[in-house]
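Structural features, examined
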Amino acid sequence: EVQLVESGGGLVQPGGSLRLSCAASGFTFSTVAMSWVRQAPGKGLEWVSAINGGGGNTVYVDSVKGRFTISRDNAKSTLYLQMSSLKPEDTAVYYCARIRAWPSEADYWGQGTQVTVSS
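Residue indices follow the written sequence of each chain, beginning from 1 at its first position. Per-residue local features are limited, in this predicted model, to residues with pLDDT of at least 70; the limit for side-chain atom pairs, both in listing and counting, is 80 or more; totals at the level of whole chains, interfaces and linings are taken over all residues. To obtain the side-chain values, all non-hydrogen atoms of the structure were used and water was disregarded.

On to the packing of aromatic side chains. Pairing of aromatic side chains here covers Phe, Tyr and the six-membered ring of Trp, requires ring centres within 6.5 Å, and sorts the geometry by plane angle: under 30 degrees stacked, over 60 edge-to-face, intermediate tilted. Tallying each qualifying case throughout the model produces one aromatic pair. Measuring from ring centre to ring centre gives 6.3 Å for Phe27 and Phe29, while their planes differ by 50°; the resulting arrangement is tilted. For the pair Phe27 and Phe29, a shared accessibility class is recorded, and that class is buried. Distance and angle both matter: a charge sits over a ring if NZ of Lys or CZ of Arg is within 6 Å of the ring centre and within 35 degrees of the ring normal. We note Arg72 situated over the ring of Phe29; from NZ or CZ to the ring centre the distance is 4.2 Å. Its guanidinium or amino end placed over the ring of Phe27, Arg98 lies 5.0 Å from that ring's centre, counting from NZ or CZ. Buried means the residue's accessible area, taken with a 1.4 Å probe over protein chains only, is under 20% of the maximum for its type, while exposed means over 50%, and partly exposed covers the values in between.

Two strands are said to pair when DSSP picks up at least two bridges between them. Secondary structure elements are taken from DSSP: a helix is a run of H or I of four residues or more, a strand is a run of E of two residues or more, and numbering for both begins at the N terminus. With antiparallel pairing, four strands are arranged side by side in an open sheet as β1-β3-β8-β7. For this open sheet the edge positions go to β1 (3–7) and β7 (68–73), each flanked by a neighbour on one side alone. Neighbour to neighbour, the strand axes of the sheet diverge by 15° on average, direction disregarded. Looking at chain direction, β7 and strand β8 (residues 78–83) are connected through six bridges and run antiparallel. Paired with Phe68 across the bridge in β8 is Met83. For helices, the fitted line uses only the C-alpha atoms of the stretch in contact; every axis is such a line through C-alpha atoms, and the angle between N-to-C directions lies from 0 to 180 degrees.

Geometric descriptors of this kind do not, in isolation, establish any biological role.
Below, the structure is given as structure tokens:
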């Protein structure tokens, strides 16, 4: 059974940083591309970033380029999203997802973790 469990969300002031984690199980993590998506209050899902199985290829939505960094530790079957220079518009529930088709078509999602950027 595929399981994706996010953690690391919380309340942070504008300009602050957070690191999200996603623990994966039930499949061969190192062979699968992964992504982060988010859903802001009252809005639809927005794809944020993706990383290939080996970790050498990453892509980002324009709004987070230079501020967010996606990475993975295949030995730990864990995906990360380092978020810096956070803005109020980054407030959303963040989900990790297993990619079926690069870079944004996913077939499994976690339960999500809330990130709130507010002073």
